[in-house]
Amino acid sequence: MGLALTLLTLVVALAITWRLLGSYIAALFDGRLHFLSAIERPVYRLLGTDPSHEQSWKRYAGALVVFSAVSLAITYAVLRLQGHLPLNPQHLRGVAPVLSFNTAVSFVTNTNWQNYAGETTMSYFSQVGALMVQQFVSAAVGIAVAVALVRGFARRGSSTIGNFWVDITRTMLYLLVPIAFLTGVVFVAQGAVQTFAGPATVHDVLNGVTQVIARGPAAFMESIKQLGTNGGGFFNANSAMPLENPTGLTNFLSIYLVLAIPVALTYTFGKMVGSVRHGVALVSVMILLFGAWASVTIAAEHQNNPAVAAAGVTSHVGNTVGKEVRFGDTSSALFAVASTQTSTGSADASYDSFTPLGGLGLMSGMMMGEVTPGGVGSGLYTLLIYAIIAVFIGGLMIGRTPEYLGKKIQAREVKLAGLAALVMPLAVLIATALAVSTASGRAGPLNAGPHGFSEILYAFTSQGNNNGSAFAGLSGNTPFYNVVGAIDMLIGRFAIIVPVLALAGSLAAQGAVPESLGTFRTDNGMFVGLTIGVVLIIGGLTFFPAVALGPVVEQLAHGRFF
Amino acid sequence: MLIHLRRAIVLSLLSMIVVGFAYAAAGTGVAQALFPFQANGSLTAHGSTLIGQNWSSPRWFHGRPDDTGPYATNTATGVVGGDNPLVANGVHGQSGATNLGPRSRTLLADTRALVRYWHHLGVSPTPDLVTTSGSGVDPDISPLDALVQIPMVARATGVAPSALRALIARHSHGPQFGFLGASYVDVLRLNEGLARLESRSTPRRGPSRTAS
């Protein structure tokens with residue numbers, strides 16, 4: 001009952017904002033919104049950029065890479081120097097070099113993998129002035145890349161794909177800041193903390209307990225953490241922490257926020273290419289895959305935990321290990337699916353303690369390349385890569401000219417799409433292989449047996465897909481995991497973004513091919529099925545052997561404990 | 001390239017000022033003006049209603065066996081359960097889960113020890129009472145988790161089971177708006193209510209109250 005109403009409310013809310021938010025974003029990037037131009041214009045003056053001047057894909061990519069490198073350097077510097085910076089009531093020292101590097105990469109790539117515990121590692125200056133800033137900035141970069149690719153489809157014979165500086169400035173000002181601020185108020189009203197006053201010490205005369213309550217400016221970081229599909233929590237326990245995600249309402253709001261922009265961007269896409277039906281086809285792919293994965297994971301978490309059942313305690317409330325009472329097993333499982341399939345990676349429960357099948361649901365959700373609906377921007381551009389591959393395969397099967405939205409899919413486009421699709425599995429599998437074959441890699445897992453392998457596989461899958469969630473038993477704060485993980489995250493982000501922008505450039509330069517009887521339809525159920533097939537075949541064939549050694553073995557090992 | 005670099009630095013600094021400090025300062029201003037109780041950590045005279053505490057005496061309702069809970073260092077019963085202090089929890093004021101997998105031997109042993117702990121107190125435990133949470137500081141238990149502790153609390157305090165049942169009913173919250181999340185009882189609020197109940201009944205009950 002509760003689950004049915006939750007899902008119904010979620011679907012209705014997403015359906016409404018799919019159209020409203022989607023057309024708002026389209027208006028934003030068509031340059032039709034100007035109500036904040038009083039703030040915009042001074043920004044462009046300071047940047048020395050003419051907002052009407054557009055860039056070729058190479059200059060756009062160049063600006064993006066340089067900007068990300070500068071973001072990385074500044075984030076790293078703030079973390080290293082936090083001991084000398086203000087807003088540090090706990091007098092925390094500078095973060096160690098290799099951990100600072102991993103964390104800076106993690107937040108700049110929109111991954112938000114955390115090898116540190118926020119409340120005992122990061123000063124308020126670092127949280128607000130470095131990490132939260134990147135939660136806005138990296139989300140804006142992802143959306144900008146998606147929009148640049150959409151412009152590639154929408155334009156005819158154009159040598160430019162937009163102005164990078166304008167795109168990210170407008171994304172932050174018009175889209176991310178207003179929504180994050182308004183929903184931040186809801187988080188506070190429900191009980192999330194928002195103060196610069198430092199930890200509070202409390203003494204309870206009833207039981208004689210003295211506690212130090214970690215506090216900080218968490219609530220307004222929480223809203224952008226979810227909205228920007230970032231996932232990096234203020235506290236170590238992330239969204240499980242009551243001071244960060246206090247109630248059933250904030251838990252639901254979190255689920256909605258991570259899905260809102262990635263889903264709405266399919267409407268933006270449809271609107272900008274002049275065929276909303278094409279946007280409907282993409283969102284159908286997302287919904288069908290998300291629905292299947294959510295069903296399996298929720299059903300799995302409704303089962304007893306094997307260890308707890310073996311200890312003689314059976315449950316009518318499902319697997320309670322690592323879950324919060326106020327959320328319960330279904331809300332926690334739904335949150336987990338939303339978080340892992342949007343490249344958010346926030347966690348309102350311990351994913352490490354999910355049942356084997358539930359954990360498989362989370363891991364395999366990421367292995368599909370984060371397209372269901374994926375991260376802000378990254379979900380759309382990665383799904384468009386799969387759609388191009390689907391068009392190509394469909395074209396080969398029936399001998400028709402591969403075309404998508406009036407653009408010819410030729411050798412160059414297929415090569416770029418193939419590169420973007422294969423780079424993630426390669427990075428994930430090589431890093432996992434490296435970890436299991438070296439002593440420093442094998443030192444990581446907390447759990448023994450197949451679950452230990454799952455912890456390693458999950459870590460690199462998460463980082464390679466810029467997700468950031470974890471089977472958190474893994475001790476990731478070691479030189480090996482910090483460095484290999486950072487490389488994994490950089491490849492998962494930029495080795496996809498650059499081919500995507502190249503693709504945007506080559507598509508924008510093309511003229512339109514007039515639609516004919518020989519054109520393969522890309523806005524109907526057949527195409528939806530074909531795209532789902534491509535997603536499942538690429539993800540499934542690549543990762544099945546690895547998954548078989550982890551969660552599958554664990555699921556089948558009835559009665560055995562490791 | 002140089003023009004990119006200059007713009008990147010300018011935009012990074014602007015972002016730090018606007019979407020970093022100005023945004024957080026404005027948020028803190030609104031939060032402190034409208035919701036000061038919540039924004040400062042939901043602190044009552046006895047602690048935070050959002051952070052679990054160690055209620056180790058049988059005269060109080062217990063929370064879940066997180067590291068802040070009663071089991072981490074219970075030398076009396078020889079039980080070493082609760083969160084693994086090596087992972088994240090066990091550090092003063094830090095949150096985190098045990099992260100033990102579903103087929104972990106350690107989890108099996110911990111759960112068995114917790115079942116023994118509860119049986120020792122005359123309580124037939126529910127799943128929440130033998131499993132740790134995601135935050136390691138879960139402030140809540142389910143209404144059923146509270147009800148099964150009634151024999152223990154009644155024996156230790158002398159408060160009638162019917163009064164305890166009424167107390168639990170008063171402190172039980174359903175899912176928000178009837179469908180978001182699950183039913184819960186805030187353990188700190190419940191025990192504060194229990195303390196009030198006892199202070200009201202003390203004059204009549206006299207010395208029958210035991211504080212074990």
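Each chain has its residues counted from 1, following the order in which its sequence is written. Ligands are numbered from 1 and chains lettered from A, in the order in which they are written. Note on the predicted model: pLDDT of at least 70 is required for a residue's local features to be given, and 80 or more for side-chain atom pairs to be given and counted; whole-chain, interface and lining totals, by contrast, use all residues. To obtain the side-chain values, all non-hydrogen atoms of the structure were used and water was disregarded.

Caption draft 1: Seen up close, the pairing of strand β2 (residues 209-213) of chain A. Residue and element names in this part refer to chain A. Three labels apply to residues, based on accessible area from a 1.4 Å probe with only protein chains included: buried if under 20% of the type maximum, exposed if over 50%, partly exposed otherwise in between. The helix count covers DSSP runs of H or I at least four residues long, the strand count covers runs of E at least two residues long, and both are numbered beginning at the N terminus. The alternating pattern of β2 places Val-209, Gln-211 and Ile-213 on a buried face, while none of Thr-210 and Val-212, on the opposite face, is buried. At least two bridges found by DSSP between two strands is the condition for calling them paired. Sheet topology note: the strand β1 (residues 200-204)/β2 ladder contains five bridges and is antiparallel. By the bridge assignment for β2, Thr-201 is matched with Val-212. The turn linking β1 back onto β2 is made up of four residues, and Gly-208 within it adopts a positive phi angle of 75 degrees.

Caption draft 2: Spatial organisation of the nonpolar core. The term nonpolar core refers to a set of buried residues drawn from Ala, Val, Leu, Ile, Met, Phe, Trp, Tyr and Cys, joined through side-chain atoms within 4.5 Å. Formed by 196 residues in total, the largest nonpolar core has its most connected members in Phe153(A), Leu176(A), Ile261(A), Phe269(A) and Tyr404(A). The biggest single contributor to this core is helix α6 (residues 124-154) of chain A, with 21 residues. When residues of this core are assigned to domains, at least three fall in each of domain 1 (2-39) and domain 2 (44-208) of chain B. What Tyr404(A) contacts, discounting residues up to four positions off in sequence, is Phe153(A), Phe269(A), His278(A), Leu282(A), Leu384(A), Ala387(A), Val391(A), Ile409(A), Thr522(A) and Phe527(A). Domain start and stop positions are those given by an automatic or database domain assignment. Note on definitions: a residue-residue contact is assigned when non-hydrogen atoms from the two residues lie within 4.5 Å.

Caption draft 3: A look at a nonpolar patch on the surface. Residue and element names in this part refer to chain A. Each patch is assembled from residues with relative accessible area greater than 30% and no salt bridge, linking like charges that lie within 9 Å and nonpolar side chains (Val, Leu, Ile, Met, Phe, Trp, Tyr) that lie within 5 Å. Per-residue and other accessible areas follow the Shrake-Rupley method at a 1.4 Å probe size, with only the shown protein chains counted as cover for residues. For salt bridges, the criterion is a side-chain nitrogen of Lys or Arg within 4 Å of an Asp or Glu carboxyl oxygen. On the surface, a cluster of nonpolar side chains totalling about 620 Å² of accessible area is made up of Met-1, Leu-5, Leu-8, Val-12, Ile-16 and Leu-20. Mapping Ile-16 onto the fold places it in helix α1 (residues 2-29). For Ile-16, a relative accessible area of 46% translates into the label partly exposed.

Caption draft 4: Broad picture of the confidence of the model for chain B. Residue and element names in this part refer to chain B. Values of pLDDT, ranging from 0 to 100, describe the predictor's confidence in every residue of the model. Averaged over chain B, the pLDDT score is 85; the fraction of residues at 70 or greater is 82%. Contacts from residues 204-212, a stretch scored under 50 in pLDDT, to residues over four places away or in other chains number 15 contacts. This complex was scored by the predictor with a pTM of 0.95 and an ipTM of 0.96.

Caption draft 5: Quick peek at the pattern of salt bridges. Residues and elements named next belong to chain A. Evaluated as defined, the whole model comprises 13 salt bridges over all chains. Glu-244 is the salt-bridge partner of Lys-225, the closest N and O atoms lying 2.7 Å from each other. Placement of Lys-225 in helix α8 (residues 219-227) and of Glu-244 in the loop between α8 and α9 (248-272) is noted, with a sequence separation of 19 residues between them. The same class applies to Lys-225 and to Glu-244, which are both buried. Its salt-bridge partner being Asp-523, residue Arg-277 comes within 3.2 Å of it at the nearest N-O pair. You can see Arg-277 sitting in helix α10 (residues 276-301) and its partner Asp-523 sitting in the loop between α18 (479-509) and α19 (525-556), a full 246 residues away along the chain. Overlapping salt bridges, with partners in common, bring together Glu-222, Lys-225 and Glu-244 in one network.

Caption draft 6: Summary view of the interface of chain B and chain A. If you look at the interface, chain B gives 98 residues, while chain A gives 116 residues. Here's the idea: put two parts together, see how much 1.4 Å probe accessible area each one loses, and the total over both is what we call buried area. When chain B packs against chain A, the two sides together hide about 8200 Å² of surface, and 67% of this comes from carbon and sulfur. Of all residues in chain B, Tyr23(B), Pro102(B) and Arg103(B) give up the largest surface area on contact with chain A, accounting jointly for 12% of the area buried on that side. Where chain B touches chain A, the interface holds zero salt bridges. Within 3.5 Å is the distance limit for a polar contact, defined as a pair of N or O atoms, with the added protein rule that one can donate a hydrogen and the other accept it, and that residues adjacent in sequence qualify only through two side-chain atoms. Linking chain B with chain A are 41 residue pairs in polar contact (both at pLDDT 80 or more), by the criterion used here. Counting residues per element, the ones that place at least two in the side of chain B that touches chain A are α1 (2-34), α2 (36-39), β2 (47-48), α3 (105-120), α4 (127-130), β3 (140-141) and α8 (187-205) of chain B. Per-element tally for the side of chain B that touches chain A: the top contributor is α1(B), with 25 residues. Side-chain classes are defined by residue name, with Ala, Val, Leu, Ile, Met, Phe, Trp, Tyr, Cys and Pro counting as nonpolar, Asp, Glu, Lys and Arg as charged, and the others, Gly among them, as polar. Considering only residue class, the side of chain B that touches chain A consists of 48 nonpolar, 40 polar and 10 charged.

Caption draft 7: Quick look at the environment of Ser133(B). Residue and element names in this part refer to chain B. Secondary-structure assignment places Ser-133 in the loop between α4 and β3. Among the residues examined, Ser-133 registers a relative accessible area of 0% and is labelled buried. Residues Ser-133 and Tyr-23, spaced 110 residues apart in sequence, show a C-alpha to C-alpha distance of 32 Å. Polar contacts involving the side chain of Ser-133 include one to the main-chain amide nitrogen of Gly-136, which spans 3.0 Å.

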